[in-house]
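Report on the structure
So the chains spell out like this:
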Amino acid sequence: MSQHKNTSIPSSTVTRDLRQLDKGTHNIYESIVVIAKRANQIAVDVKEELNGKLAEFATTNDNLEEVFENREQIEISKHYERMPKPSLVAVDEFLNDKVYFRNPAKEQE
């Protein structure tokens, strides 16, 4: 996950020039599919990492009276909330040629 902690990635919505998105594939729809699949990969990686870190705080007792706030757990959660969304990371990677993709249908032609 540490590779996704890039400060140059905006944390909010950015208006994009659609002509930039089809440079790698020459098809805007194919580019969107590549970006979406990469965003899903990133989201799964981030979720697994977060769950791993939060699992350290898991208790086997479900008694609500024993639930307490753990400052470290809260800080970990806040850190992940502040990270750029997977879709923004995927778009940035795609536009900077950091995503490897191929289309088997085109390769057969």
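**Description of the overall build of the chain**
When helices and strands are counted, the chain shows five helices and zero strands. Each helix and strand of the chain, placed in order from N terminus to C terminus, yields the pattern α-α-α-α-α. Split into buried and exposed, the 109 residues of the chain put 24% on the buried side. The contacts in the chain between residues at least 6 apart in sequence include a share of 75% that link residues at least 24 apart. Total accessible area computed for the chain in this model is approximately 8,500 Å², and 50% of it derives from carbon and sulfur atoms.

**Focus: the packing of helix α2 (residues 28–55) against helix α3 (residues 71–82)**
At a minimum axis separation of 10 Å, α2 and α3 run at an interaxial angle of 170°. Overall, the two elements α2 and α3 adopt an arrangement that is roughly antiparallel. Between α2 and α3, the residues in contact are V46, E49, L50, K53 and L54 and Q73, I76, S77 and Y80, respectively. Considered class by class, the residues forming the contact of α2 with α3 number five nonpolar, two polar and two charged.

**Description of the side chain of E30**
With respect to the helices, strands and loops of the structure, E30 is situated in helix α2. Judged by its relative accessible area of 15%, E30 falls in the buried class. The residues contacting E30, other than those within four sequence positions of it, are T25, N103 and K106.

**Things to note about the environment of N40**
The residue N40 is located in helix α2 in this model. For the pair N40 and A90, spaced 50 residues apart in sequence, the C-alpha separation works out to 8.9 Å.

**Looking at the nonpolar core**
Counting 17 residues, the largest nonpolar core has I35, I42, V46, Y80, A90 and F94 as its most contacted members. Going through the elements one at a time, α2, α3 and α4 (86–95) are the ones with two or more residues in this core.

**A few points about the pattern of salt bridges**
Under the defined criterion, the tally for this structure stands at three salt bridges. We note a salt bridge from D17 to R19, for which the minimum N-O separation is 3.1 Å. Its relative accessible area of 33% is what places D17 among the partly exposed residues. In this structure, E93 engages R38 in a salt bridge whose closest nitrogen and oxygen atoms are separated by 2.6 Å. Of this pair, E93 sits in helix α4 while R38 sits in helix α2, and the two are 55 residues apart along the sequence.

**A look at α2**
Helix length check: α2, at 28 residues, gives a terminal C-alpha distance of 40 Å against a target of 40 Å (1.5 Å per residue), a fit within 8%. Of the residues making up α2, those classed as buried are E30, S31, V34, I35, R38, A39, I42 and V46. Elements in contact with the buried residues of α2: α1 (18–21), α3, α4 and α5 (104–108). Here α2 starts with a cap whose side-chain oxygen sits 2.9 Å from the backbone nitrogen of Y29, and that cap is N27.

Criteria and cut-off values
- Residues numbered from 1 in each chain as written.
- Predicted model: local features only at pLDDT ≥ 70, side-chain atom pairs only at ≥ 80, totals over all residues.
- Heavy atoms only, no water.
- Helix = DSSP H or I, 4+ residues; strand = E, 2+ residues; numbered from the N terminus.
- Buried < 20%, exposed > 50% of the residue type's maximum accessible area, 1.4 Å probe, protein only.
- Contact = heavy atoms within 4.5 Å.
- Areas by Shrake-Rupley, 256 points an atom, 1.4 Å probe, with all protein chains shown as cover.
- Axes fitted to C-alpha atoms, helices over the stretch in contact; angles between N-to-C directions.
- Parallel < 35°, antiparallel > 145°, perpendicular 65-115°, else oblique.
- Nonpolar A, V, L, I, M, F, W, Y, C, P; charged D, E, K, R; others polar.
- Core = buried A, V, L, I, M, F, W, Y, C linked by side-chain atoms within 4.5 Å.
- Salt bridge = Lys/Arg side-chain N within 4 Å of Asp/Glu carboxyl O.
- Expected span 1.5 Å × (residues − 1).
- Polar contact = N/O pair within 3.5 Å; in protein donor to acceptor, adjacent residues only side chain to side chain.

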